[in-house]
Each structure stands twice: as structure tokens, then as C-alpha cells.
Amino acid sequence: MTDIPKLEWKGVRKRFDGPVLDGLDLSVAAGRSLVIIGGSGQGKSVTIKIAMGLVRPDAGQVLVDGEDLIGVSGASRRKLFERIGVLFQGAALFDSLSVWENVAFRLINADGVPRKEAKARAVEALGRVHLGAHVADSYPSELSGGMQKRVGLARAVVASPEIIFFDEPTTGLDPITSAAINELIVDQVKGLGCTAVSITHDLASARTIGDEIAMLHAGKIVWRGAPAELDRTDNPYVRQFVDGRADGPMASTV
Amino acid sequence: MAAADAALPAMFKPVRAIGRSTLGALRMVGGVGMFALRGVISVFSPPWFPIQLLRQLVAIGFFSLPVVGLTAIFTGAALGLNIYTGGGRFNAEQVMPQIVALGITRELGPVLAALMLAGRVSAAIAAEIGAMRATEQIDAMRTLSTDPFRYLVAPRLLAATLVLPLLTLVADIIGVAGGWLVAVRILDFNSTIYVRNTMNFIQGWDVGSGLIKAAVFGFIVALMGCYHGYNAKGGARGVGRATTHAVVSSAILIFASDYFLTTLFTHA
């Protein structure tokens, strides 16, 4: 039974104006951290948004513990969301709420945890991402980009999810802050023992947080391997991406 | 042959354009209808968010009092002057209190309060929800097991529907007072007689029908703000567009539904 993947995309197709995902097959085993790399506009965001249940695919299945989650609604959908945590690209904090209310949002509004207990758990989660209790009562607009990312991370892990999604976790951060965020991500994922799926085009980040790396191009997975293999493989797509060349099998669309 | 092929599409271009805009309009009407239905269902089914409702009641209701009050007093005063002048043409200046009361309670109170709300509230709702859409806050809310329709849309719909009749009642009183002020201060009416004439003339239904209109207008204002904000696309420009659309469409829908409701009420 252990060979059922924690999360699996099966023949997932999605078109917007043109095809974005073209029969995507991908899976992650429980407790592993998968990083999806690829150029801009190759469908990375859509891939995880489909797995989060925010975008409906045109065809295919997304299985969590072997159960298809496409088309489920109402209570079972809410059940699904209880098992996932998401760190959004811009942190996506609610700017009308204080930091601790952001972190405790799920606890207060979905789980019915009393505010006092929710605040204690939020402060504890903030501590895990190295933010002091004094930050709890400030508002997201008063924080730097790196701190907002940390708050977003605290919000993603506060309810101990089984799967965490990271959408471009280091985009827009300086290298030092990026390294700190990467470390926090690894700590949290290992600490919770959860499955992680990240998308990024930051290779340093991919090497740090990934147990496995998959490369997405033109709506399909074109390569998959361990971080160390990134430098050894002769896969032309990976070579072009890692070496950062404009010419190669992936023509620049800029 | 080739020329005929090229001419054919060109000939059908206007037809195609009409078809496209018709389909677009139908899609929009359907979209708004489905959105409204989902909103109403969210109002009546748990989970509810009473703190959000309270916040909206204060933001939409309490903070709209000054604009609604100012609009009402000036309109009542101007209406009084105009009716006095018009009435004077056939020696009927003395009906001025009655006409002012009727005009304010049945028509101007609800419509003007709703228009002020369209400018103040519909725009604010569209901008706030549109910005939340643009910064992925709405997606984030869904992944946090909270339905944005119940948390964001339902409290705004309910608050505006409840609060606009109350604001209209305030506008009615202040509007009639505006007419009274002009009559007593400028036109030498006797204050006691003015008030007595107004009170004897006005019927419960004059005020009541206005309040029913106001509830409908309140729903429209919040619905347009939520709909355009929720469906905002394309960053800051999209938010700007959503705000404009919210205000314009609320105003037009207020006038259109005002006509139909008035028809309904005068035949009833």
C-alpha cells in the first residue's frame, strides 16, 4: 500500500488561450519534497493551482492518497483544504488583518478554535519561523518582503498540513533572505514530516529544498531526478536551463 | 474567386460584431445572475461571519450618514424652492410641503441615498475585493478552508440591503427638513402649518414603498461592487476598471429598477 503516491497528477490537460498542460503525469511520495522547475509560462503555476483545487483541469485526475479530488465540492473539498498548506508567491496575507489573525485565519474561521487559543498557536508558529511575539500585533504592510514570506510560511504550517505547496518561495528576495527562507522551508517540511511541492526558477532554491526535481516544459515533464543529477545529466532541456543559455531546444519566447 | 472569398467575411463583419456583443452581454447577465444567486445562498446558509457583518454595517451604514444627510438637506431645500416657483404659476404655492414630502419619500430619498452609496460603497467594495483578487488573497482564503462568498460577499450584500433603508429613512427626514427650512426661513411659511400639512398628507405607503426600493438598491450596490471586484483581471488596471464598472453599473441598475419598482407600486 505504501507505493500509492501522496499526490499524483494523471494525464492532466488544461487550455487557456492555447494548451498549457498537455497530459501531465507526475507524482510525489509521502514525506518527499518535489521541486518543479521550468521557464516562465510553461505551466508551473497552473500545475500546483490544479493540485490545490483552485483551477479545474479540462481532463485528467489529481489524486491525493489515491482519491480523485477533481469535481468534489462542499464538505469534502473543505476536508481536502484542511490537509494542505500554501505559501503564495506574494505571501497573499490579508492586509485588513493583523499578523497573528493572518496566521490563525484557518483556526478561527474554519476550525472554530477560540481566539485566545488561536492566538497562542499563531505566536508559537511565528516563533518557528523566527519571528518574535511583538510582530504578532502588527499589520502585513508594516513588514518587509522577507518577513511577509515568513508570516506566510507560519500561516501555511500552523494547522500541521499533510501537503505544503510553495509558489516561487524566493522570488523577489535578496540572496541572503532567500537562503534563510529556504532553510526555514526545509526545517518546517522535515519537522512536520509532510510532503512538499514547490515551483521555482531559482536553481539554488531548488537544490536546497528539493529531494527530487522535475522539469516542466510545454505542459509536460521532460526530466526528473535528484538535485545532484542536475549537473550531470545530458538532457538538453536541463542543460539549457541550468547553463542559462538562450539557444537550445527551448526557444526563448521573449 | 479569391476576391469573393475576401469580400464575404468583410460583409459579415458587422453581423459578427453584433453577435459577439450580444453573446457577451448575455454571458454577463448570466454571470451576474449566478453570482447573485450564490451570494444569496451564502447569506442564508452557515457558516456565518458576524464580525464581518458588523464591520460592514459600520463601514457601509454609519460612515455613509454624512454624505447621505448632506445630499438630502440640499436636495430637499432646492426641491422646495422649485416647487414653490412652479406652484406659483397657478397660484398653488401652498401645496409645496406636500409635494416636497411626496417627492422625497417616494423618489428622491431612496434614489439619492442609493446613488451616494454607489459612489462611496460600491467603488470601495470593488477596489478592495479586486485588490484581494490581484494579490491572490482570495485564492489564499479558499486554501484556508474559508469560502470567500461567505466571508466577503455575503456580509456586504446583507449589510447594504439592511442599511440602505435606514439611511433612506434618515434622508427622508432630513430632506423634508430641508424643504421646511427654506419654506420657513426664506418663503415665510408658518412652521406649525408646514409640519401639520406634511404630517396629514404623507401616508405610510409613501415612506414604505421608498424603503422597499432602498432595500433593492442596497442589494444592487453591494452586488455590483462584489461582482466586479471578484472578477477583476489584470492587476492595478483591472482593479481600476472594476471600480468604474461597479459605480456605473450600480447607478444604471438603480435608475432602471427604480422605474420598474415605481410602476409596480403605482399599479398595486
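Residues numbered from 1 in each chain as written. Chains lettered and ligands numbered in written order. Predicted model: local features only at pLDDT ≥ 70, side-chain atom pairs only at ≥ 80, totals over all residues.

Chemist: Hey, could you run me through the sheet that holds strand β7 (residues 163-167) of chain A in this one?
Modeler: Adjacent strands of a sheet form backbone hydrogen bonds with each other and so pair up, either parallel or antiparallel. Residues and elements named next belong to chain A. Read from one edge of the open sheet, 6 strands run β6-β7-β8-β3-β9-β10, paired in mixed fashion. One side of each edge strand has no neighbouring strand; the edge strands of this open sheet are β6 (84-87) and β10 (220-225). Neighbouring strand axes in the sheet, compared pairwise and without regard to direction, differ in orientation by 20° on average. When strand β3 (residues 33-37) meets strand β9 (residues 212-217), the two strands line up parallel, connected through 4 bridges. Directly across from I36, in β9, lies its bridge partner A214. Running at roughly 175° to β6, helix α6 (residues 145-157) makes contact with β6 and β7 of the sheet. (Pairing = 2+ DSSP bridges. Helix = DSSP H or I, 4+ residues; strand = E, 2+ residues; numbered from the N terminus. Axes fitted to C-alpha atoms, helices over the stretch in contact; angles between N-to-C directions. Contact = placed C-beta atoms within 7 Å.)

Chemist: I would appreciate a short explanation of the interface of chain A and chain B in the present structure.
Modeler: Every contact between the two is made by 15 residues of chain A and, on the other side, 11 residues of chain B. When the residues that make up the side of chain A that touches chain B are grouped by side-chain class, the tally is 10 nonpolar, 2 polar and 3 charged. (Nonpolar A, V, L, I, M, F, W, Y, C, P; charged D, E, K, R; others polar.)

Chemist: So what exactly am I meant to see when it comes to the packing of helix α4 (residues 96-134) of chain B against helix α9 (residues 235-267) of chain B here?
Modeler: Geometrically, a packed helix pair is captured by the angle between its two axes and the distance between the axes. Residue and element names in this part refer to chain B. Two elements in contact, α4 and α9, have axes separated by 8 Å at closest approach and are oriented at 150°. On the basis of their axis angle, the class for α4 and α9 is roughly antiparallel. For the element pair α4 and α9, the recorded crossing hand is right-handed. Along its contact with α4, which presents V111, A114, L115, A118, G119, S122, A123, A126, A127, G130, A131 and A134, the element α9 presents G235, G238, V239, A242, T243, A246, V247, S250, A251, I254 and D258. In terms of residue class, the contact of α4 with α9 is made up of 15 nonpolar, 7 polar and 1 charged. (Parallel < 35°, antiparallel > 145°, perpendicular 65-115°, else oblique. Left-handed = near helix turned anticlockwise from the far one by under 90°.)

Chemist: I'm lost on the confidence of the model for chain B in this one. Help?
Modeler: Detailed reading of the predicted model is not advised wherever pLDDT is low. With 97% of its residues at a pLDDT of at least 70, chain B reaches an overall mean of 93. Predicted as a complex, the structure gets a pTM of 0.90 and an ipTM equal to 0.91. (pLDDT = per-residue confidence, 0-100.)

Chemist: Would you mind going over the sheet that holds strand β4 (residues 59-64) of chain A with me for this structure?
Modeler: Residues and elements named next belong to chain A. Read across the sheet, 4 strands follow the order β2-β1-β4-β5 without closing on themselves; strand pairing throughout is antiparallel. Every interior strand has two partners, whereas the edge strands, β2 (19-28) and β5 (67-68), have only one. Of the pairings in the sheet, the one linking β4 to β5 comprises 2 bridges and is antiparallel in character. Directly across from V64, in β5, lies its bridge partner E67. Packed on one face of the sheet, helix α1 (residues 44-51) meets β1 (7-15), β2 and β4 and runs near 120° to β1.

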